[in-house]
Amino acid sequence: MMKSKADEEEYWNSSKFKAFTFDDEDDEFSGLKESKRAVNSIRPLVEEDDDDDDVEKVSWSGEPVGSISWSVRETAASNQRTDREPTFPKINTDTTTISKSNSGYSLSSLFKGKSKGGTFQSLTDTLSDSSVRLYAPELRKPKSEYKDYVSDWSPEETVQRMQQGKAVSLEKFRSRQDKLLLLDSAVSAHDGNVITAVLIFLKRTLSKEVLFGELESRETALRHLIQYLTETRDNRTLLELLRALGRTEDVALLQYKEHLSISDENKRRDFLKSCLNLPFSAEDSAHVQDHYTLLERQIIIEATDRQAERGGNVEIFKKFPRRASILNMPLVTTLYYCCFYHYTESEGMYSSPLNIRQTFKIPEKQYFVTALSARAKLKAWSDVDALFTSRNWLGFTRKKSPLNFQRVVDILQKNSAPTQVLKDYVALVDDADVRISLAQKHKCHDIVINTYRDLKDRQLLLGYRVKVERGSAEERKIDELISNPVRKRMMTSSS
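Rules of the game
Residues numbered from 1 in each chain as written. Predicted model: local features only at pLDDT ≥ 70, side-chain atom pairs only at ≥ 80, totals over all residues. Heavy atoms only, no water. Helix = DSSP H or I, 4+ residues; strand = E, 2+ residues; numbered from the N terminus. Buried < 20%, exposed > 50% of the residue type's maximum accessible area, 1.4 Å probe, protein only. Contact = heavy atoms within 4.5 Å. Areas by Shrake-Rupley, 256 points an atom, 1.4 Å probe, with all protein chains shown as cover. Phe/Tyr/Trp six-rings, centres within 6.5 Å; stacked < 30°, edge-to-face > 60°. Axes fitted to C-alpha atoms, helices over the stretch in contact; angles between N-to-C directions. Parallel < 35°, antiparallel > 145°, perpendicular 65-115°, else oblique. Nonpolar A, V, L, I, M, F, W, Y, C, P; charged D, E, K, R; others polar. Polar contact = N/O pair within 3.5 Å; in protein donor to acceptor, adjacent residues only side chain to side chain. Left-handed = near helix turned anticlockwise from the far one by under 90°. pLDDT = per-residue confidence, 0-100. Core = buried A, V, L, I, M, F, W, Y, C linked by side-chain atoms within 4.5 Å. Arc of directions from axis to C-beta. Salt bridge = Lys/Arg side-chain N within 4 Å of Asp/Glu carboxyl O.

Asks: Got a sec to walk through the overall build of the chain? Specific residues and values, please.
Replies: When its secondary structure is counted, the chain shows 27 helices and two strands. With 495 residues in all, the chain has 29% of them scored as buried. Long-range contacts, defined as pairs at least 24 residues apart, comprise 46% of the intrachain contacts of the chain with a sequence gap of at least 6. Carbon and sulfur atoms make up 51% of the accessible area of the chain, which totals about 35,100 Å².

Asks: Tell me about the packing of aromatic side chains, residues and numbers included.
Replies: For the structure on display, the rule yields 10 aromatic pairs. For the ring pair Tyr-336 and Phe-340, a centre distance of 6.3 Å and an interplane angle of 25° mean the geometry is stacked. Taken together, the positions of Tyr-336 and Phe-340, both in helix 17 (residues 331-341) and four residues apart, correspond to about one turn of that helix. Look at Tyr-336 and you get partly exposed, because its relative accessible area is 30%. Aromatic pair Phe-340 and Tyr-341: ring centres 4.9 Å apart, planes at 65°, arrangement edge-to-face. Grouping residues by exposure puts Phe-340 and Tyr-341 together as buried. Members of the aromatic cluster, joined through ring pairs, are Phe-317, Phe-320, Tyr-336, Tyr-337, Phe-340 and Tyr-341.

Asks: Run through unusual backbone geometry, naming residues and quoting values.
Replies: For residues other than glycine, phi is negative in most cases, and the peptide bonds are mostly trans. One non-glycine residue, Asn-328, lies in positive phi territory at about 65°. Inspection of the secondary structure assignment puts Asn-328 in the loop between helix 16 (315-319) and helix 17.

Asks: Tell me about the packing of helix 21 (residues 405-414) against helix 22 (residues 419-426), residues and numbers included.
Replies: Where helix 21 meets helix 22, the axes come as close as 9 Å, and the angle between the chain directions of the two elements is 170°. When the interaxial angle is binned, helix 21 and helix 22 end up roughly antiparallel. Judged by residue contacts, Phe-405, Val-408, Val-409, Leu-412 and Gln-413 of helix 21 engage Val-421, Leu-422, Tyr-425 and Val-426 from helix 22. Among the residues making up the contact of helix 21 with helix 22, the classes are represented as eight nonpolar, one polar and no charged.

Asks: Tell me about the side chain of Thr-334, and name the residues and values.
Replies: Tracing the chain through its elements places Thr-334 in helix 17. At a separation of 2.9 Å, a polar atom in the side chain of Thr-334 contacts the main-chain carbonyl oxygen of Pro-330. In this structure Thr-334 touches Leu-294, Gln-298, Ile-326, Met-329 and Ile-356, once residues within four positions along its chain are discounted.

Asks: Before we move on, could you go through helix 13 (residues 248-256) and cite the residues and values that matter?
Replies: Taken together, the buried positions of helix 13 are Val-251, Ala-252, Leu-254 and Tyr-256. Tucked into the core, helix 13 has its buried residues touching helix 12 (235-245), helix 14 (265-275) and helix 15 (282-311).

Asks: Please provide a residue-by-residue account of the packing of helix 19 (residues 364-377) against helix 21, values included.
Replies: Between helix 19 and helix 21, whose axes approach to 9 Å, the crossing angle comes to 30°. Here helix 21 runs roughly parallel to helix 19, going by the angle between their axes. For helix 19 against helix 21, the interelement crossing comes out right-handed. Across the interface between the two elements, Val-369, Leu-372, Ser-373 and Ala-376 from helix 19 touch Arg-407, Val-408, Ile-411 and Leu-412 from helix 21. For the contact of helix 19 with helix 21, the residue count by class is six nonpolar, one polar and one charged.

Asks: Let's hear about the confidence of the model for the chain: which residues, and what values?
Replies: In this model, the chain carries a mean pLDDT of 77, and residues with pLDDT of at least 70 account for 67%. With pLDDT under 50 throughout, residues 84-114 is counted as low confidence; its partners more than four residues away or in other chains account for 32 contacts. Confidence drops under a pLDDT of 50 for residues 130-137, and excluding neighbours within four residues, the segment shows 10 contacts in the predicted structure.

Asks: Explain the environment of Asn-235 residue by residue, including any values.
Replies: Along the chain, Asn-235 turns up in helix 12. Asn-235 sits 19 residues away from Leu-254 along the chain, and the two C-alpha atoms are 7.9 Å apart.

Asks: So what about the nonpolar core? Which residues, and what values?
Replies: Ranked by size, the top nonpolar core spans 52 residues in total, and within it Leu-372, Phe-388, Val-408, Leu-412 and Tyr-425 carry the most contacts. For this core, the element with the highest residue contribution is helix 19, accounting for seven residues. Those residues in contact with Leu-412 that sit more than four places away from it in its chain are Leu-372, Ala-376, Trp-381, Val-384, Ala-417, Val-421, Leu-422 and Tyr-425. Judged by nonpolar contacts, the second largest core, of 29 residues, contains Leu-206, Phe-212, Leu-239 and Leu-245.

Asks: Go over helix 26 (residues 473-483) with me, naming the residues and quoting the values.
Replies: The α-helix advances 3.6 residues per turn, and as a result positions three or four apart in sequence lie on the same side. For helix 26, the complete set of buried residues consists of Glu-475, Ile-478, Leu-481 and Ile-482. What you see down the axis of helix 26 is that its buried residues fit within an arc of 125°, all on one side. Of the exposed residues in helix 26, the ones pointing more than 90 degrees away from its buried face are Arg-476, Glu-480 and Ser-483.

Asks: Now, about the side chain of Ser-352: what can you tell me, with residues and values included?
Replies: Note that Ser-352 resides in the loop between helix 17 and helix 18 (353-359). By relative accessible area, Ser-352 is classed as buried at 0%. Separated by 3.4 Å, the side chain of Ser-352 and the backbone oxygen of Glu-345 make a polar contact. Those residues in contact with Ser-352 that sit more than four places away from it in its chain are His-342, Glu-345, Ser-346 and Glu-347.

Asks: If you had to explain the pattern of salt bridges to someone new, which residues and values would you point to?
Replies: It is possible for side chains bearing opposite charge to pair when their charged atoms get close. Counted according to the given criterion, the structure contains 18 salt bridges. A salt bridge links Asp-234 to Lys-203; its shortest N-O distance comes to 3.9 Å. Placement of Asp-234 in the loop between helix 11 (219-231) and helix 12 and of Lys-203 in helix 9 (residues 192-205) is noted, with a sequence separation of 31 residues between them. The partly exposed category is assigned to Lys-203, whose relative accessible area is 34%. Arg-247 serves as the salt-bridge partner of Glu-219, at 3.6 Å between the closest nitrogen and oxygen. Separated by 28 residues along the polypeptide, Glu-219 in helix 11 and Arg-247 in the loop between helix 12 and helix 13 bring together distant segments of the chain. Look at Glu-219 and you get partly exposed, because its relative accessible area is 40%. Looking at Arg-247, the relative accessible area reads 28%, which means it is partly exposed. Here the salt bridges do not stand alone but share partners, grouping Arg-176, Asp-184, Glu-214 and Arg-218 into one network.

Pasting the structure below:
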């Protein structure tokens, strides 16, 4: 069935594009009409928010939006969607979330300055709202606030910031001149931490030849670098530095200290022997020689005594077993050990105290104190007495000591010497007051009485009489001195 022309016209939609014709038409006029038609079609969309007060909004079910029944249905539907949809970790935040349902702003109201309540707001009020400001981009800080992060500081300013504990970057100092200016500024600030930090930077960025050469004329910085390398135990770099500076004695001492890391005594002895040829000073060379000789002797004594102790035939090792090895012990400890275990040996033996005293030129006072302490520890009182006994050219004996006898009494008392032994040495104390004090402390009554007698002080004797035991020999001695007519007359005249 053929359609009429009118029906065919209704079937096709209209179009703004037309087929090409040779007829002259006003294209500009037709384009203007089409533009006007497009504006008229958009106007209802733009004016939608203006009509919110007049038009009642309803949902798909026909219920007014915002009513109680609509809110209940929307809440239930939201819970069902939550159960079906996968959950994601929640991000806790104290800010209020802006949603389309509770926000007082629409897209058009943000441009028009009008809220859904119908009141107009200015752009400033709109942006000042907390919910809007949370989503506004943060404005860039002024350049002055980023000044702490800019690395164009001068050496003086950089050092000042380092003293204040602020973060700085030293990488900007690239040239040799800039690095040395930075070091000089650190030295001028007199801050050891800053100097060390700058030196670490220079050590990493400058060649050793350049750094060592520049430090030669900067004594303060040089001392800090040497101390830093010593504390960090960077011995290789420290040796290179000392050699570059021509400090041969320091190089020798640094190499000598390496023996501390050698645990085996034989290897340590061999290492010390190799150090004897290093360029030490005269004094240091003598110390290194003594160290080597002492260790060599300790190895011999240790081997001999260990074997004797295991054999069980030496009485002193059975009564007083050794508590520790003698290896690597100081010289005084070695002397004490030999005075304790080898006191009676002849001078020709390596373990003889006299041999050690002669070999290492130990002073008389040091030898005397060490021998006295060792023999008193063993309760060998005859050996103690022999230390003090000397003969003059007439054959008379008397007690003589390089120490004052007050110290001798202290050593004997610490080793629990009996009163009779203490009495002999308390009586040799020169100062009368000190002698009386020591005699009273150690209950040497005869010494106190004799001292008061020599002082010819009757009142002191009478006062001391009440301190001694009644009926004792000391009380009878005091009574005899007081009642003697000759002494009584002398004491009376002196008083």
